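Below, each chain spelled out in residue letters.
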Amino acid sequence: MAKKRPKYFDIIDNEMVLRKLLWLRHGCPIHILYGDDGEMQCGNCGIDFKRDDGNQIEKRFETLGLEKMMRDGGA
Ligand SMILES: [Zn+2]
């Protein structure tokens, strides 16, 4: 039987799965995404899904949403 790892590592594993899903499904075309060597970056959003913390990613999405709204002439 495999040695049970501390719960901390399960949380990290789980977060990396969620980060990967967010990276793949946040709406940008897949050909723009950079994923070599385990990286999870988006050249369109400028978000590093592997390293940026959740608050940074949220702020960036908010900024991008506002930019899009201004571009589309909404508000
Ligand atoms: Zn993106």
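In this text the structure is predicted, and so the values were computed from the model without any measurement. (Residues numbered from 1 in each chain as written. Predicted model: local features only at pLDDT ≥ 70, side-chain atom pairs only at ≥ 80, totals over all residues.)

1. Some words on the overall build of the protein chain
Tallying secondary structure elements over the protein chain gives 2 helices and 3 strands in all. The C-alpha atoms of the protein chain give a radius of gyration of 16 Å, which is well past the 11 Å a tight globule of 75 residues would have. Across its three principal axes, the protein chain shows a C-alpha extent of roughly 60 × 25 × 15 Å. Counting across all 75 residues of the protein chain, residues that qualify as buried make up 5%. (Helix = DSSP H or I, 4+ residues; strand = E, 2+ residues; numbered from the N terminus. Rg over C-alpha atoms; globule rule 2.2 N^0.38 Å. Buried ≥ 20, exposed ≤ 12 C-beta atoms within 10 Å, placed from the backbone.)

2. Some details on the sheet that holds strand 3 (residues 47–48)
Spatially, 1-2-3 is the arrangement adopted by the 3 strands of the open sheet, whose pairing is antiparallel. Lying at the two open borders of the sheet, with one neighbouring strand each, are strand 1 (33–34) and strand 3. (Pairing = 2+ DSSP bridges.)

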